[in-house]
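Commentary on secondary and tertiary structure
So you can see what is in the structure, the chains are spelled out below.
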Amino acid sequence: MKAIFQVALGILAAIGGFVDIGDLVFNVAAGAEFGFSLLWVVVVGVVGIIVYSEMCGRVAAVSKRAVFDAVRERLGFGVGLVALVAAQLVTFLTLAAEVGGIAIVLQLLSNLPFLALVPLAFIGLLAAIWFLEFEWIERLFGYAGLCLIVFVVAAIKLEPDWGSVAHGFVPQIDTGDPLVYLYFMVGLLGAAMTPYEVYFYSSGAIEEGWTPKDLGLNRLNTVIGYGLGGLLSFALMITAGALFLPQGIQPQLIGTVALGAEVPLGQVGLLLALVGILFAVGGAAIDTCFSFAYNLAQFFGWEWGKYRGPARAPRFTLAWLVLLVLACCVIATGIDPVMLTEYAVIFSAVALPLTYLPILLVANDRAYMREYANGRLANVFGVVYLVVILFVALAAIPLMLITNMGQG
Amino acid sequence: MSRPKALDLALGVLDHQLVDPDGRRCGKVDDLDLELEVEIGEPARVTAVLVGPRYWPGRVRGPIGRLLARLGGGDGVKVSWDDVERVTSAVELARPASELGLGRGDDRFRPLIERLPWA
């Protein structure tokens, strides 16, 4: 039981971080467009986020430094500032998209008008952040978000052609529409390796007071958490491939995602899917909201952390409060959350290298990391992924423009 | 004071977190004051740690640096190197932030946050 609670950070990282609105949108859209043939990209993304989250958790546990401490130290003030601005823009876009997602799910559950539900989403998020301790935020959103496992059941119940599913794990390129396929590859990698996941994870490790003794827990958290996130992503894509592709449905709405559980499992499936999405997207909203405040505080040296309490970390508190209000205002304008999500994911892909390079450098610094510095395995993976995300970052925006956001 | 004889200033001190004896985070090392009159062949010595928006234009040249400094309030504090206790992954100070004039940004916003319900 204790072990189950201990991996809470990993579970929230998986549910609220990995499987957020970006993954819901991109995995389902990818399945509806290309069936199972992009499953292998999810594997690449999951391994990448495990590699870098493990590094971030280790750096935080050993040197007590979170991601933007490392960014500021290694990139300096000027380049670090560019990284900060990019990170904050992407994090803000993502938060707004998540708040939109919450309002849509509440609308599906209640039939009330969307605009009335944005303030409700705001109050719900504010209350959770203000009144719950960090650990309980993780537990509530992480474990309630586990309702998403309904998609695994749905995927099995839909009886897809398992041979084709297995074939989807073999790296390939769709020759019919290679550019759109590449756009989805970039989107899936961007969604899987979204930078805010590591901002939140590394700062969360400091919130929880990790020391080198917790390195085993760190490894467990990343492997179980993101492994679970990967499993859910597979399930979403398989469901969409089995259900939407044959009927030619291109999901443009969050509600269509939940349909994937309703068709094979009925009302119970739909309800579980909606509750799962609500908590996953809610958890992600809190992650992004905090990430924004963590990044600012770490770059400028302010006091930060939920564990400090609002009065001891005033600028940190003000930062997340103001951001949450702004995100709700943006969503209240009626902007389409799905479109916002696509922009957030694609711009995330561009911001990736500036986030991951400083982490790799710090994780190799023996002066701080001592015997816990990167071993050869972590470095081989770290460098390979740095090359991968560099390509992803360069290709993201051109592909978005050429393919008209995957519309072909 | 356990101070290493030579330190890689660019990597080991500049842009690091400042932490006071109570564990309070109170700024970053935005710049360094160096003693320039040293014998040839001798390493330069740090005399002070410079903290605050006033020193940002030295890090980002041109109008952007100046604009940032103005947005940040333009304050700057010079902390003597004698007030530095240790350099680990953070720069640990020997005296509380309030005595050194650090952490004033957070102090300024504290009354506002304290006025919120249940804070």
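Relevant structure appears above.
What you see is a predicted model, and the numbers here were worked out from it, not measured in a lab. (Residues numbered from 1 in each chain as written. Chains lettered and ligands numbered in written order. Predicted model: local features only at pLDDT ≥ 70, side-chain atom pairs only at ≥ 80, totals over all residues. Heavy atoms only, no water.)

**Considering the packing of helix α3 (residues 21-34) of chain A against helix α13 (residues 254-300) of chain A**
Residues and elements named next belong to chain A. Across the interface, α3 lies against α13 with an axial gap of 10 Å and an inter-helix angle of 150°. In terms of orientation, α3 lies roughly antiparallel with respect to α13. Only Ile-254, Val-257, Ile-277 and Val-281 of α13 make contact with α3, whose side of the interface consists of Ile-21, Leu-24, Val-25 and Val-28. The residue makeup of the contact of α3 with α13, split by class, is eight nonpolar, no polar and no charged. (Axes fitted to C-alpha atoms, helices over the stretch in contact; angles between N-to-C directions. Helix = DSSP H or I, 4+ residues; strand = E, 2+ residues; numbered from the N terminus. Parallel < 35°, antiparallel > 145°, perpendicular 65-115°, else oblique. Contact = heavy atoms within 4.5 Å. Nonpolar A, V, L, I, M, F, W, Y, C, P; charged D, E, K, R; others polar.)

**Concerning the packing of aromatic side chains**
All names here are of chain A. This structure, assessed with the given rule, holds 25 aromatic pairs over all chains. Ring geometry for Phe-300 versus Trp-302: centroids 6.0 Å apart, planes at 20°, classification stacked. There is no split in this pair, since Phe-300 and Trp-302 are both buried. These aromatic residues form a ring-pair network of at least three members: Trp-130, Phe-134, Phe-200, Phe-290, Tyr-294, Trp-304, Phe-316 and Trp-320. (Phe/Tyr/Trp six-rings, centres within 6.5 Å; stacked < 30°, edge-to-face > 60°. Buried < 20%, exposed > 50% of the residue type's maximum accessible area, 1.4 Å probe, protein only.)

**Things to note about the state of the cysteines**
Throughout the structure, instances matching the rule amount to zero disulfides over all chains. There is no disulfide at Cys-329 of chain A, and the cysteine sulfur nearest it, in Cys-328 of chain A, is 7.1 Å away. (Disulfide = S-S within 2.5 Å.)

**Here we look at unusual backbone geometry**
All names here are of chain A. The phi angle at Asn-111 is positive, at roughly 70°, despite the residue not being glycine. With respect to the helices and strands, Asn-111 occurs in the loop between α5 (67-110) and α6 (114-131). The exposed category is assigned to Asn-111, whose relative accessible area is 72%. Phi at Glu-159 takes a positive value of approximately 45°, unusual for a residue other than glycine. Within the secondary structure, Glu-159 sits in the loop between α8 (150-157) and α9 (162-167).

**Focus: the interface of chain B and chain A**
Taken residue by residue, the interface counts 30 residues in chain B and 31 residues in chain A. Interface area for chain B against chain A, summed over the two sides, is near 2,600 Å², with a carbon-plus-sulfur share of 58%. The tally of links from chain B across to chain A stands at five salt bridges. A salt bridge links Asp-106 of chain B to Arg-315 of chain A, with the shortest nitrogen-to-oxygen separation between them at 2.9 Å. Elements supplying a minimum of two residues to the side of chain B that touches chain A: α1 (9-12), β2 (25-28) and α4 (104-114) of chain B. (Buried area = accessible area lost by both parts, 1.4 Å probe. Salt bridge = Lys/Arg side-chain N within 4 Å of Asp/Glu carboxyl O.)

**Quick look at the pairing of strand β6 (residues 84-87) of chain B**
All names here are of chain B. Sheet analysis places β6 next to strand β7 (residues 91-93), joined by three bridges and oriented antiparallel. The residue of β7 that forms the bridge with Val-84 is Leu-93. Counting the residues that bridge the hairpin from β6 to β7 gives three residues. (Pairing = 2+ DSSP bridges.)

**Focus: empty space enclosed by the protein**
All names here are of chain A. The final tally for this structure, using the stated rule, is four cavities of 30 Å³ or more. Roughly 60 Å³ of internal volume is contained in the largest cavity. Along the wall of the largest cavity there are 13 residues; nearest its centre are Asp-20, Gly-22, Thr-94, Thr-194 and Val-345. Residue assignment for the lining of the largest cavity shows that the elements contributing at least two residues are α3, α5 and α15 (337-363). (1 Å grid on protein atoms, 1.4 Å probe; cavity = no way out; pocket = protein on both sides within 12 Å on 5 of 7 lines; lining within 4 Å. Points joined across faces, edges and corners; volume = space filled by probe spheres on them.)

**Examining the nonpolar core**
Residues Leu-38, Phe-290 and Tyr-356 of chain A are the most contacted members of the largest nonpolar core, which totals 160 residues. With 23 residues, the top contributor of residues to this core is α13 of chain A. The contacts of Tyr-356 of chain A, once residues within four sequence positions are left out, are Ile-49, Tyr-52, Met-193, Thr-194, Pro-195, Val-198, Leu-386 and Ile-389 of chain A. One finds Val-46, Val-51, Ala-97 and Leu-102 of chain B within the second-largest nonpolar core, a separate group that totals 18 residues. (Core = buried A, V, L, I, M, F, W, Y, C linked by side-chain atoms within 4.5 Å.)

**Details of the sheet that holds strand β3 (residues 31-35) of chain B**
Residues and elements named next belong to chain B. Spatially, β3-β4-β5 is the arrangement adopted by the three strands of the open sheet, whose pairing is antiparallel. Two strands lie at the open edges of the sheet, namely β3 and β5 (77-80), each paired on one side alone. Neighbour-to-neighbour, the strand axes of this sheet turn through a mean angle of 30°, independent of strand direction. The pairing of strand β4 (residues 45-51) with β5 spans four bridges and is antiparallel. Bridge pairing in β5 places Leu-50 opposite Lys-78.

**Re the layout of surface pockets**
Rolled over the atoms, a probe with the dimensions of a water molecule shows which regions are left empty. Space inside the largest pocket adds up to approximately 880 Å³. Listing elements by their share of the lining of the largest pocket, those giving two or more residues are α5, α13 and α14 (314-332) of chain A together with β2, α2 (62-71) and α4 of chain B. Residue composition of the lining of the largest pocket, grouped by class: 19 nonpolar, nine polar and nine charged.

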